[in-house]
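Report on the structure
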Amino acid sequence: MILLNPGPVNVSERVRQALLRPDICHRESEFSDMLLRIQQKLLTAFVPGAESEYVAVILTGSGTAAVESAVMSCLPLGKRMLVLNNGVYGERLSNMIGLQRLGVSELKSDWHMRPDPERLRLALRQHPEVHAVSMVHHETTTGLINPVKEIAEVVDSLNRVFVLDSVSGLAGEPIDIAGSHIYMVAGTAGKCIQGFPGVSFVLLRKGFLEQMRKYPKRSWYLTLTHYVDEQGRGIVPFTPAVQVYYAFEEALDELLEEGLTNRFQRYRRMASKIRERMAGMGVQPFLPADVQSNTITAFHLPAGLNYATLHDQLKARGYVIYAGQGQLESKVFRVANMGALTDGQIDGFLGAFEEVLAGATARA
Ligand SMILES: *Cc1c(COP(=O)(O)O)cnc(C)c1O
C-alpha cells in the first residue's frame, strides 16, 4: 500500500530489515552504544555546528509523547505557557497545558493564517507570568508552515522559552534551531525521518536543561530530566521499543547520507508534481502557495465527490489518502508525500486519482 497520509510513512527496505536484528537487553552495552549513536546522529542532523549546545532525549512513544514531555517539563512553579494555535495540533498543545491549568488565553489564528509576531509581542508584554511560548512548526491539519524564525525572535528578545512541535517538520522543512535559540523541539521517527512510529525525541538546549531541574515534576514517564542524566550514559529509565530504535538509527543514517537539503528538495519536487497535476484537473488547494509545506497538501473536495468514495476508490487502487480534520473534515482531503516514495509511485497515484475523478464526473 502506498501511504499518502502524514505518518506512519512507507519506509525503505533497508529500514524495514533493521527490525530483524538480534534481540538485545536494554541494560546491556549493545543498547547503550546504539542510544548514544542515535543521539549523536540527531544532533548532527538538526543542530549542525551546535551539537555541544543541545542534548537529544529519546522517548518510547509516538510524537505526542515528545510534545507533551516538553510541555510538562518547561515551566517553573507559578509560571504559565502561551500557545499559538492555528490548527488541530496547536489545539492539542492548548489541551495539554489546559489539563494542568498552566495556560493563559491562547492566541488563535484562522487555519489558513500564520500567527502574527507583533500580536505575540503585545501579549507577552501584558503577561509577565508567561514563561514559555509553544507553537507547531508544520501544521499538519492544513499543511501550513508557521513563521518559526519570526516568532522565535520575539520569544527570545522578550526572554521567554520557545517550545516547538516539529513532529511533522523535522527532515521535511529547513529550520535553524540553534540560530533561532529555540530551547525545545519535539520530533518523531515516523514522519519525515522515514522510520517507524513508536520512538520520538526532544532536542533540548543545555543551558535551559540546568534550569529545568528545579521545576516541579508533572508526570513520571514524561519528565524530561528523568531521562537526561541516564541517557548521557546510554541508559534509559523505562523499557524502550528496541527494534524500533534499530530502524530509527538506520533511518537517520539514510537521512544523513541523502543530506537534509536533498531530502527537502525531493519532498518539494513531489509536492509540486502533485499540486501541478491537481491544478490541471481543477482540484483547488486549501492554502495559498506561499504558506504550503513540502510534504502535505490539503485540497478542496471536488464537487460531487465525497471523501469516503474518493478514499475507498483510491485505496482499491493501492493508495491511502487522508481526511480533513476538525472543521475541515467534510471539506478537504489531504495528500502527504512523506516517506520513501518514488516519482513513479506519485505518478501512479495521480493517474489513479484522474481515473476516479473521471468516473465521478461521468456519473454526475
Ligand atoms: C503527527 C503529529 C503529532 C502527533 O504525533 P503522533 O505520532 O500521532 O503522536 C503532533 N504534532 C504534529 C504537528 C503532528 O503532525
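The residue count restarts for each chain, going from 1 along the sequence in the order it is written. Local features in a predicted model are, by the rule used here, given only for residues with pLDDT of at least 70; side-chain atom pairs are given and counted only at 80 or more, and totals for whole chains, interfaces and linings are based on all residues. The basis for the side-chain values is all heavy atoms of the structure; hydrogens and waters are excluded.

Now for the sheet that holds strand β8 (residues 161-165). Ordered by their spatial adjacency, seven strands build an open sheet running β2-β10-β9-β8-β5-β3-β4, and the pairing between neighbours is mixed. The open sheet has two edge strands with one neighbour each: β2 (54-60) and β4 (107-108). In this description, strands pair whenever DSSP reports at least two bridges between them. By definition, any uninterrupted DSSP run of H or I lasting at least four residues is a helix, any uninterrupted run of E lasting at least two residues is a strand, and each is numbered from the N terminus. Direction of pairing for β8 relative to strand β9 (residues 184-188): parallel, over a ladder of three bridges. Counted as the bridge partner of Leu 164 is Val 185 from β9. We call two residues in contact whenever any of their non-hydrogen atoms come within 4.5 Å of each other. Each axis is a line fitted through C-alpha atoms, taken for helices only over the stretch in contact, and angles between the N-to-C directions span 0 to 180 degrees. The strands touched by helix α3 (residues 63-73) are β2, β3 (80-85), β8, β9 and β10 (199-205); relative to β10, the strand with the most contacts, the crossing angle is about 30 degrees. Strands β3, β5 (130-136) and β8 of the sheet are contacted by helix α6 (residues 148-157), whose axis makes an angle of about 155 degrees with β8.

Let us now look at the UniProt feature "domain: Aminotransferase class V" (unreviewed entry) in the chain. According to UniProt, the positions carrying the feature "domain: Aminotransferase class V" (unreviewed entry) are residues 56-325. This span, residues 56-325, is 40% helix and 19% strand, and a straight line between its end C-alpha atoms measures 31 Å. UniProt positions are given in the numbering used here, feature names are shortened, and annotations may be inferred rather than shown by experiment.

Here we come to the packing of aromatic side chains. Between the rings of Phe, Tyr and Trp (Trp by its six-membered ring), a pair exists once the centres lie within 6.5 Å; its type follows the angle of the planes, with under 30 degrees stacked, over 60 edge-to-face, and the other angles tilted. Taken as a whole, this structure holds twelve aromatic pairs when the rule is applied. Aromatic pair Tyr 227 and Phe 238: ring centres 5.6 Å apart, planes at 65 degrees, arrangement edge-to-face. Of this pair, Tyr 227 sits in helix α8 (residues 224-232) while Phe 238 sits in the loop between α8 and α9 (242-258); the two residues are eleven residues apart in sequence, bridging distant segments of the chain. When a residue's accessible area, from a 1.4 Å probe over protein chains only, is under 20% of the maximum for its type it is buried; when over 50% it is exposed; and in between it is partly exposed. For Tyr 227, a relative accessible area of 2% puts it in the buried group. Their ring planes at 25 degrees and their centres at 5.6 Å tell us that Phe 333 and Phe 353 sit as a pair that is stacked. Pair noted here: Phe 333 is in strand β14 (residues 332-336) and Phe 353 is in helix α12 (residues 343-363), with a separation of 20 residues, a long-range link. Residue Phe 333 shares its accessibility class with Phe 353, and that shared class is buried. Among the aromatic residues, those joined into a cluster by ring pairs are Phe 299, Tyr 319, Phe 333, Phe 349 and Phe 353. We call a charge positioned above a ring when the Lys NZ or Arg CZ atom is no farther than 6 Å from the ring centre and deviates by at most 35 degrees from the ring normal. Note that Lys 191 overlies the ring of Tyr 89, its terminal NZ or CZ placed 5.7 Å from the centroid.

The subject of this paragraph is the nonpolar core. For this analysis, a nonpolar core means a set of buried residues of the types Ala, Val, Leu, Ile, Met, Phe, Trp, Tyr and Cys, connected via side-chain atoms within 4.5 Å. Of all hydrophobic cores here, the largest spans 64 residues; its most connected members are Leu 42, Phe 46, Leu 120 and Leu 203. In terms of residue count, α9 provides more of this core than any other element does, nine residues in total. Of the residues that make up this core, three or more belong to each of domain 1 (13-257) and domain 2 (259-363). The residues touching Leu 42, leaving out its near neighbours within four places in the chain, are Val 47, Ala 56, Ile 58, Phe 201, Leu 203, Phe 248 and Leu 252. Core analysis: the next-biggest nonpolar cluster, separate from the first, contains 42 residues, Tyr 89, Ala 132, Tyr 215 and Val 228 among them. Domain start and stop positions are those given by an automatic or database domain assignment.

What follows is about the pairing of β14. Working note: regular strand, side chains alternate between the two faces of the sheet. For β14, the tally of buried residues reaches five of five residues, placing the bulk of the element in the interior. With five bridges joining them, strand β11 (residues 296-300) and β14 adopt antiparallel strand pairing. For Thr 297, the partnering residue across the bridge sits in β14 and is Val 335.

Attention shifts here to the domain arrangement of the chain. Examined at the domain level, the chain breaks down into domain 1 (13-257) and domain 2 (259-363). Each of domain 1 and domain 2 was reduced to a C-alpha centroid, and the two centroids are 28 Å apart. On the side of domain 2, 24 residues touch domain 1, which itself brings 27 residues to the contact. Accessible area, probed at 1.4 Å, shrinks when two parts are joined; the buried area is that loss added up over both. Both sides together, the interface formed by domain 1 and domain 2 hides about 2100 Å², and carbon and sulfur atoms give 59% of it. Among the residues of domain 1 in contact with domain 2, Trp 111, Thr 142 and Gln 194 are the three that bury the most area, contributing 25% of the side total. By definition here, a salt bridge exists when the distance from a side-chain nitrogen of Lys or Arg to a carboxyl oxygen of Asp or Glu is within 4 Å. There are zero salt bridges connecting domain 1 and domain 2. Nitrogen and oxygen atoms within 3.5 Å of one another constitute a polar contact, given that in protein one can donate a hydrogen and the other can accept it, and given that sequence-neighbouring residues count only through two side-chain atoms. If you look at where domain 1 meets domain 2, you find 14 residue pairs in polar contact (both at pLDDT 80 or more). Taken together, the elements giving at least two residues each to the side of domain 1 that touches domain 2 come down to α2 (29-46), α4 (88-99), β7 (144-145) and α9. The element best represented in the side of domain 1 that touches domain 2 is α9, accounting for four residues.

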